[in-house]
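# Structure at a glance
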Amino acid sequence: MAAKGDLIYASALNADILAKGECGGAVTALLKYALESRLADGVLTVEKGVDLYDAKPVYITDPALLINSAGSLHCGTLLIPKLIKKYFNGARDLKIAVTLKGCDAKAMYELAKREQINLDNLIMIGLNCGGSLSPVPARNMISKKYGIDPDCVFKEEFDKGKFIIEYDGGEKGISVNELEEEGYGRRLNCQRCMTKIPRQCDLACGNWGFVGDGSKKATFIEICSEKGANLVTKAESAGAICVSDAPESGIAVRSKIEKSMLLLAGKAREKQFAMLGSGKERLNFILEETSMCIKCYQCIEKCPVCYCVECSTKKPYFVPPGRIPPPFMFHLIRYSHIADSCINCGQCEELCAMDIPNSLFMHAIQVEMEEMFGYVPGEDLGLPVLALVEESQERKRLLDTGCDQIFDIFKN
Ligand code: FAD
Ligand code: SF4
Ligand code: SF4
Ligand code: SF4
Ligand code: SF4
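The structure reproduced in this document is the subject of the present report. (Residues numbered from 1 in each chain as written. Chains lettered and ligands numbered in written order. Predicted model: local features only at pLDDT ≥ 70, side-chain atom pairs only at ≥ 80, totals over all residues. Heavy atoms only, no water.)

## Re the packing of helix α12 (residues 329-338) against helix α14 (residues 358-373)
As a reminder, the rule being used: Angles run from 0 to 180 degrees between N-to-C directions of axes, and those axes are lines fitted to C-alpha atoms, restricted for helices to the stretch in contact. Numbering of helices and strands starts at the N terminus; helices are DSSP runs of H or I of at least 4 residues and strands are runs of E of at least 2. Any angle that is under 35 degrees is reported as roughly parallel, and any over 145 degrees as roughly antiparallel; angles of 65 to 115 degrees are reported as roughly perpendicular and all others as oblique. The handedness criterion is simple: a crossing whose near helix is rotated anticlockwise from the far helix by less than a right angle is left-handed, and one whose near helix is rotated clockwise is right-handed. Any two residues whose heavy atoms approach within 4.5 Å at even a single point are treated as in contact. When residues are sorted by character, Ala, Val, Leu, Ile, Met, Phe, Trp, Tyr, Cys and Pro go into the nonpolar class, Asp, Glu, Lys and Arg into the charged class, and all the rest, Gly among them, into the polar class.
Contact geometry for α12 and α14: axes closest at 10 Å, N-to-C directions at 40°. If you check the angle between α12 and α14, you find them oblique. At the point where α12 passes α14, the crossing takes the right-handed sense. Contact residues: α12 offers Arg334, Tyr335 and Ile338, while α14 offers Phe361, Met362 and Ile365. When its residues are assigned to classes, the contact of α12 with α14 shows five nonpolar, no polar and one charged.

## Structural notes on the packing of helix α2 (residues 26-36) against helix α8 (residues 226-237)
Two elements in contact, α2 and α8, have axes whose closest approach is 10 Å; the angle formed by their N-to-C orientations is 85°. The angle between α2 and α8 falls in the class roughly perpendicular. Facing Leu30, Tyr33 and Ala34 of α2, the residues of α8 in contact are Leu231, Val232, Lys234 and Ala235. Of the residues that constitute the contact of α2 with α8, the class distribution is six nonpolar, no polar and one charged.

## Some remarks on the site of ligand 1
The following threshold applies: To be near a molecule or strand, a residue needs just one of its heavy atoms within 4 Å of it. We call two N or O atoms a polar contact when they sit within 3.5 Å, provided that within protein one can donate a hydrogen and the other can accept it, with sequence-adjacent residues counted only if both atoms are side-chain atoms. Shrake-Rupley sampling with a 1.4 Å probe provides the accessible areas, and residues are treated as covered by the protein chains on show and by no other component.
Close contacts around ligand 1 come from 28 residues, with Cys23, Thr28, Thr45, Val46 and Asn207 the closest. In the model, an oxygen atom of ligand 1 is placed 3.1 Å from a nitrogen or oxygen of the Ala26 main chain. Measuring from an oxygen atom of ligand 1, one finds a side-chain N or O atom of Ser72 at 2.8 Å. Contact with the protein chains removes 97% of the 900 Å² of surface that ligand 1 exposes when unbound. Those elements that provide at least two residues to the shell around ligand 1 are α2 and β2 (42-48). For the shell around ligand 1, the class distribution of residues is ten nonpolar, 16 polar and two charged.

## Considerations on a nonpolar patch on the surface
Quick note on the threshold: Residues form patches when they are more than 30% accessible in relative terms and have no salt bridge. Like charges link within 9 Å. Nonpolar side chains (Val, Leu, Ile, Met, Phe, Trp, Tyr) link within 5 Å. When a carboxyl oxygen of Asp or Glu is within 4 Å of a side-chain nitrogen of Lys or Arg, the pair counts as a salt bridge.
Taken together, the side chains of Met292, Ile294, Ile324 and Met354 make up a nonpolar region of the molecular surface, amounting to roughly 340 Å² of accessible area. By secondary structure assignment, the location of Ile324 is in the loop between α11 (298-302) and α12.

Here it is as structure tokens:
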């Protein structure tokens, strides 16, 4: 019987899932079992879209269709939690099993703290994550640096410090360090990311620490909750997965990789934050970059921490309408509202129509706030620095009383 804290190897027993899964298909088999056993009403996961560079979210209720989603897509830069809030009523009425990278897991926690998502109805299957690539730069890199037509690539993966592509006619891997020194490789926020093993989830799954003979595939799973342990136990009993204890050598390898990834991320932070300068220099840099803003609202629309029904940036007395670029107040509002809780998912930069490094600005501020207050967004379910206000109740109170001050912000 599996228990919280166990470190195991797991593979799918279904031959098709075993073959199609990235590392033996345990995740797909667990999701399928969750659906079949009605532990979940549906599965929200990711599937290849028009091509390998297009990761699209899919909601699956037919267990037979789950195999289509097996495999890892590293060029998909989606963030799933806001979809659950927006399109699934925050999982209030449905039980959903969902796959999550570290940034997804942190966003889930920040939304749950604000009562926007019901974690009790979710089975969170975490995926370790060394990083992801933005689709257009990925195509560019493959064309220019690898010298391969990106449309001929049918598989991509990170392995032993390399980004490897398989294409019609061969295979080519280049070290991630080399790629990133030349401005290619993982998204900048991924290079700064320190959530490599998403222990916020019920299970944290990955290939790090699998020391098999090479002919077999399996996923290394850290069981992070009772819910995760229950799923593994039941799926094993039902013959969906086979499980064994991870050997000491595998555990040591995984721990060593995690430590070195964290070290690298620390160095990337230092380097990238240094580019911003400090004091007035930083302010001028931000002013210059944001002067290109066309007020498309994508940074707000996609940010998991920005979900207000009435966004202050749309209030004419804060941000006079009809001006492009908008007054700096537009950006200041966002910085002041969410800098404490930015989880460095990169969405506000990824989706910015003008390639403004929003995520870099916000993450740099967040890290400074973290140093001041010790609050680490997305790490646990503790309250954010500017704690919970239930928006509709608060708006009603303001309207009823004619008051314009928000109270009770440190509500327990
Ligand atoms: P499968 O049975 O193949 O199932 C994988 C599941 O993940 C599917 O449900 C699929 O829809 C979903 N999925 C695919 N792409 C995404 C995505 N972009 N976002 C959310 N869900 C997705 N493991 C490591 O140990 N080290 C790493 O550095 C590492 N980096 C990763 C980076 C990314 C972007 C991703 C998606 C995964 C990464 N993994 C990493 C996890 C690893 O690749 C496997 O997903 C994991 O070992 C499970 O293998 P499996 O065969 O059991 O999964
Ligand atoms: Fe992975 Fe972190 Fe990048 Fe998210 S931010 S895709 S968890 S490396
Ligand atoms: Fe993600 Fe940007 Fe929001 Fe931070 S500010 S959580 S990086 S979208
Ligand atoms: Fe809410 Fe502020 Fe984000 Fe607007 S900018 S959605 S008001 S947190
Ligand atoms: Fe401005 Fe970019 Fe935000 Fe659009 S996404 S409003 S261009 S900062």
